[in-house]
Amino acid sequence: MASAPVTITAAPLGVGDLARIRAERRPRLEARLASLRPERGVVRDVLVCAGGGCVSCRSTTLAAEFERLIAASGLSDRARVVQVGCMGLCEAAPLVLVAPDGVYYPRVDFSLARRIVTEHLAEDAPIGEAELTHERDGEVRRSRDVPFFARQLKIALRNCGVVDPLSLDDYIALDGYQALAHVLLETTPDAVLDTLKRSGLRGRGGAGFPAGLKWQFVREAAGDEKYIICNGDEGDPGAFMDRSILEGDPHSVIEGMAIAGHVVGARRGYVYVRAEYPLAIERLGHAILEARAAGILGARVLGTEAAFDLEIRIGAGAFVCGEETALIASVEGKRGMPRPRPPFPAQAGLWGRPTLINNVETWANVSPIVLRGAAWFAGIGTARSKGTKVFALAGDVRNTGLVEVPMGISLREIVHDIGGGIRSDQPFKAVQAGGPSGGCVPAEAADVPVDYESLQSLGAVMGSGGLIVLHEGTCMVELTRFFLEFLVDESCGKCPPCRIGLRVMLNLVERITKGLAALEDLDTLMGLARHIQRSSLCGLGQTAPNAVISTLEHFRDEWETHIYDRRCPALQCRALLTYEINEALCNGCTLCAKACTSNAITGELKQLHRIDALLCTHCGACVTACNRGAVVAH
Amino acid sequence: MIEPHAAGAATLATPPVAAAAAAAPDAPGVEALVDTFIAAHPGGHERLIPLLHLLQERLGHVPFEAQDVVADRLGLTPIQVFSVLSFYHFFTLTPRGRYPLKVCMGTACFVRHATRLIETIQDTLGIDVGDCTPDRLFSLEQVRCLGACGLAPAVMVGQDVHGNLDTKAMRRLITQLRSQGRREAVAAAKETPRG
């Protein structure tokens, strides 16, 4: 994909080298963060987003086209093309930033690329009408000033979309590995531990356990052989934070882990990445090779006596492996099944040794905290949730993408200001936070500040940070059924409450979506949910009923309509729908009749077709088949 | 877990050896692959999953014969290897199509009607989730989140992600892949020396 095999320079770096590279390269990197309006003859960087989303919109071909155009126009000494990690605004893919002008161009195709080269790069004249703009109440904002970018605060994503993920020098230029050098040479492990504890950093993988405390447990655990693990098994459907960090700034994860290695006394680390993320694996692998060649990983880290090295382990498609004990089993080459805790991994983890395991985003937060101090980090956020959180904003929102915001901002601000509101004209209904382990926050409660405790009080969880925005056309019962189906499929089968309980819950919810439910089913569901929560072995089972509990709490009338009236207000539960053909739209193409499996549709070619309600099995095949939208559901 | 059993049952019906030969006529020998890997990566049983990844990537699936070789080299029993393999969705016992269509069923894709894409594929190709077309051109899988939520609904074909698809675009994509497959088959036939 993005990387042609790059030759890796094999000169081990010392601290002096870090400072030299930083001094040499910093101005160029800082220019990428600038918004200096046209200056004649300036050397420009054309940053093409090569994050997962943009790559699938052919951004690598686009980057090659830019290279070609720039060379053909004789601008090679005045413009350079850099492929960077995710810039965040996936909606505008492929996204291009021209620095140091700070002009973003959304949805760039080849013809716009040609104009950017001939007008912006050659004539120093940015193309106003193609620039990213946002208009609200008559006020027009451009590029960096659009609310999507202006309202964010980036710590974990500080380098994403700025540095070339394949360039170690780019990372070093923006203070990279300076924190590691500080930890190795200028301070003590206890001081680092103290900083981390005072910063208030909590695990970003979902549970929110204080990171400093976890580090301390591992540091104090007995034994010479300890391990560091990075949990990059981002299995929550609807989340892509870890993916973007690994793809866009892999060195920040490596640095965080290397710091931890020195602090807790571990010499070996593993990064567990999902197999579904080939690009992340490729870029992280490249970064590890580069760091090893530069003497940042290996037997003598930065020329000191400390030793630390990393290896990638590729997941194989099991959601439960996001649970730490299951992940450890998977790294050991076993079925990824969790085991009871205690002992916690801090005492007995990988191969029974003390193991420090944190999520990708947590690791990316480490070096800024070490460099800028605990007080700085603790000054951001709320009383109990410090710093920032990265969210993957998706669903029915205008600006889908990746955002990093200070803790304590309200959900409504994320959806309306940063996300730009609902994309369709239907009203905002709810936000699903935290994936299958999470719950739904209804629109009325969207003013809740985003932090671990507030979300929990509403029955949702921070989770790893997936936010799916839902509009009125989404059926909450059907959504719950979807999550349960996912969890039944992903339950490892070790403990009965999760293995059997979830299946029974799914059966009950399926009955409801088919209009076959009885009144007492809701009580049975709620009772089961409470039992499964209390008695499951691991986080998967304990949080699995959240979807049922939170939707029953906030959208009980919708569940009741399904049961009492046998009706689905959002028109999603097919068994509860009746279909009809709109006479004005039907052109008699016979597609619907061909698609019908129960011969319920009759009609001659070029004549109006009809659906026999008695024969109809409610499969909805006719709706999908019709090209003119003539089949309507009630 | 229901799937592994279902997958296992399906394979017993189709001889894996014949299938392997059809999928990859010039695939390197399983034994050579495994031995090279073992020699390059000293260690213990933790090499099992990386090894299964290698076989899945090279052969397109991990048939029982290959599992036996792995078990032998790592000092495990065949059932231990199968128990790990069947636990993870990523490994398959039957070969996938030349264009494996992986429809994302993550939440973001689900709320943007990914189910309709699956139905469209089922209608157009006449195969169910987990199946492969008789000409081995397409196979259909349902995956849990490709992490391309910004492009929902998304379908991954090989390593390429196609985003923002509706039923029409899905049909177009299939037609396009089919003609691409035909072109490649013709080109391959031309390259093979006659006689």
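Residues numbered from 1 in each chain as written. Chains lettered and ligands numbered in written order. Predicted model: local features only at pLDDT ≥ 70, side-chain atom pairs only at ≥ 80, totals over all residues. Heavy atoms only, no water.

What follows covers the overall build of chain A. Summing up its helical and strand segments, chain A has 25 helices and 19 strands in all. For 634 residues, the compact-globule formula gives about 26 Å, and the C-alpha radius of gyration of chain A, at 27 Å, lands near that figure. Seen through its C-alpha atoms, chain A measures out along the principal axes to roughly 80 × 65 × 40 Å. Put simply, of all contacts in chain A between residues at least 6 apart along the chain, 70% involve residues at least 24 apart. Roughly 23,300 Å² of accessible area belongs to chain A as shown, and the carbon and sulfur atoms make up 52% of that amount. (Helix = DSSP H or I, 4+ residues; strand = E, 2+ residues; numbered from the N terminus. Rg over C-alpha atoms; globule rule 2.2 N^0.38 Å. Contact = heavy atoms within 4.5 Å. Areas by Shrake-Rupley, 256 points an atom, 1.4 Å probe, with all protein chains shown as cover.)

Once that is clear, we can look at the interface of chain A and chain B. Interface size is commonly expressed as the accessible surface area that is lost when the partners come together. Contact with chain A, which involves 60 residues of that partner, is made by 43 residues of chain B. In this assembly, chain A packs against chain B so that about 4,200 Å² is buried in total across both faces, 56% of it on carbon and sulfur atoms. At the junction of chain A and chain B, the tally comes to 1 salt bridge. With a closest N to O distance of 2.5 Å, arginine 574 of chain A and glutamate 119 of chain B form a salt bridge. For the interface between chain A and chain B, the tally reads 13 residue pairs in polar contact (both at pLDDT 80 or more). Elements with a contribution of two residues or more to the side of chain A that touches chain B: strand 9 (309-314), helix 13 (324-331), strand 11 (388-395), strand 15 (466-471), helix 18 (476-490) and helix 25 (621-625) of chain A. With 8 residues, the top contributor of residues to the side of chain A that touches chain B is helix 18 of chain A. Among the residues forming the side of chain A that touches chain B, the class breakdown is 27 nonpolar, 15 polar and 18 charged. (Buried area = accessible area lost by both parts, 1.4 Å probe. Salt bridge = Lys/Arg side-chain N within 4 Å of Asp/Glu carboxyl O. Polar contact = N/O pair within 3.5 Å; in protein donor to acceptor, adjacent residues only side chain to side chain. Nonpolar A, V, L, I, M, F, W, Y, C, P; charged D, E, K, R; others polar.)

On to the pattern of salt bridges. Residues and elements named next belong to chain A. Summed over all chains, the structure comprises 49 salt bridges over all chains. The closest approach of N and O atoms between arginine 151 and aspartate 417, which form a salt bridge, is 3.1 Å. Of this pair, arginine 151 sits in the loop between helix 5 (147-150) and helix 6 (168-173) while aspartate 417 sits in helix 16 (residues 411-418), and the two are 266 residues apart along the sequence. For arginine 151, a relative accessible area of 33% translates into the label partly exposed. Residue classification places aspartate 417 among the buried residues on the basis of a relative accessible area of 19%. (Buried < 20%, exposed > 50% of the residue type's maximum accessible area, 1.4 Å probe, protein only.)

Moving on: the nonpolar core. Residue and element names in this part refer to chain A. With 118 residues, the main nonpolar core has Tyr177, Trp215, Ile259 and Trp363 as its most contacted residues. Of all the elements, helix 11 (residues 250-264) adds the most residues to this core, at 8 residues. Those residues in contact with isoleucine 259 that sit more than four places away from it in its chain are Ala179, Leu180, Val183, Val192, Trp215, Val366, Ser367 and Val370. Counting residues in each nonpolar core, the second largest holds 74 residues, with Leu350, Phe486, Cys492 and Met505 among its members. (Core = buried A, V, L, I, M, F, W, Y, C linked by side-chain atoms within 4.5 Å.)

Residues and elements named next belong to chain A. Strand order in the open sheet formed by 4 strands is 2-1-3-4, with mixed pairing between adjacent strands. Each edge of the sheet is formed by a strand with only one pairing partner; in this case those strands are strand 2 (79-84) and strand 4 (103-105). Neighbour-to-neighbour, the strand axes of the sheet open up by a mean angle of 20 degrees, direction not taken into account. Taken together, the 6 bridges between strand 1 (residues 44-49) and strand 2 define a ladder with parallel strand orientation. By the bridge assignment, cysteine 49 is partnered in strand 2 with valine 84. (Pairing = 2+ DSSP bridges. Axes fitted to C-alpha atoms, helices over the stretch in contact; angles between N-to-C directions.)

In this section: the pairing of strand 13 (residues 428-433) of chain A. Residue and element names in this part refer to chain A. Burial analysis of strand 13 places 6 of its 6 residues in the buried class, which makes it a mostly covered element. Across 5 bridges, the pairing between strand 13 and strand 15 is antiparallel. Of the residues in strand 15, the one forming a bridge with glutamine 432 is isoleucine 468. Counted along the chain from strand 13 to the antiparallel partner strand 14 (residues 439-442), the turn is 5 residues long, and its residue glycine 434 has a positive phi close to 90 degrees.

Right, let's get into the domain arrangement of chain B. Annotation of chain B at the domain level lists domain 1 (16-87) and domain 2 (96-191). The gap between the C-alpha centroids of domain 1 of chain B and domain 2 of chain B is 27 Å. (Domains from an automatic or database assignment.)

So, on to a nonpolar patch on the surface. A surface patch of nonpolar side chains, about 240 Å² in accessible area, is lined by Phe209, Leu213 and Phe217 of chain A. Structurally, leucine 213 of chain A can be placed in helix 9 (residues 211-220). (Patch = residues over 30% accessible without salt bridge, like charges linked within 9 Å, V, L, I, M, F, W, Y side chains within 5 Å.)

With that settled, the discussion passes to the packing of helix 3 (residues 30-40) of chain B against helix 4 (residues 48-59) of chain B. Residue and element names in this part refer to chain B. Where helix 3 meets helix 4, the axes come as close as 11 Å, and the angle between the chain directions of the two elements is 140 degrees. The angle between helix 3 and helix 4 falls in the class oblique. Handedness of the crossing formed by helix 3 with helix 4: right-handed. Two secondary-structure elements touch here, helix 3 through Val30, Leu33, Val34, Phe37 and Ile38 and helix 4 through Pro50, Leu51, Leu54, Leu55, Arg58 and Leu59. In the contact of helix 3 with helix 4, the residues fall into 10 nonpolar, no polar and 1 charged. (Parallel < 35°, antiparallel > 145°, perpendicular 65-115°, else oblique. Left-handed = near helix turned anticlockwise from the far one by under 90°.)

Along the chain, the position of glutamine 83 of chain A falls in strand 2. C-alpha of glutamine 83 of chain A to C-alpha of valine 46 of chain A: the two residues are 37 residues apart in sequence and 8.4 Å apart in space.

It is worth spelling out the sheet that holds strand 3 (residues 155-157) of chain B at this point. Residues and elements named next belong to chain B. Spatial strand order, 2-1-3-4: 4 strands in an open sheet with mixed pairing. One side of each edge strand has no neighbouring strand; the edge strands of this open sheet are strand 2 (138-143) and strand 4 (160-162). With direction set aside, neighbouring strand axes in the sheet form an average angle of 25 degrees. When strand 1 (residues 99-104) meets strand 3, the two strands line up antiparallel, connected through 3 bridges. Bridged to lysine 102 within strand 3 is methionine 156. Sheet strands touched by helix 9 (residues 167-191): strand 1, strand 2, strand 3 and strand 4. Its angle to strand 1, the strand with the most contacts, is close to 160 degrees.

As a further point, take the layout of surface pockets. Over the atoms rolls a probe the size of a water molecule, and its path tells where empty space is left. Residue and element names in this part refer to chain A. If you add up the space inside the second largest pocket, you get close to 1,300 Å³. Forming the walls of the second largest pocket are 49 residues, and the residues nearest its centre are Gly205, Gly206, Ala207, Gly208 and Gly322. Only helix 9, strand 10 (355-359), helix 17 (452-457) and helix 21 (539-543) provide two or more residues apiece to the lining of the second largest pocket. Of all the elements, strand 10 adds the most residues to the lining of the second largest pocket, at 5 residues. For the lining of the second largest pocket, the residue count by class is 15 nonpolar, 23 polar and 11 charged. (1 Å grid on protein atoms, 1.4 Å probe; cavity = no way out; pocket = protein on both sides within 12 Å on 5 of 7 lines; lining within 4 Å. Points joined across faces, edges and corners; volume = space filled by probe spheres on them.)

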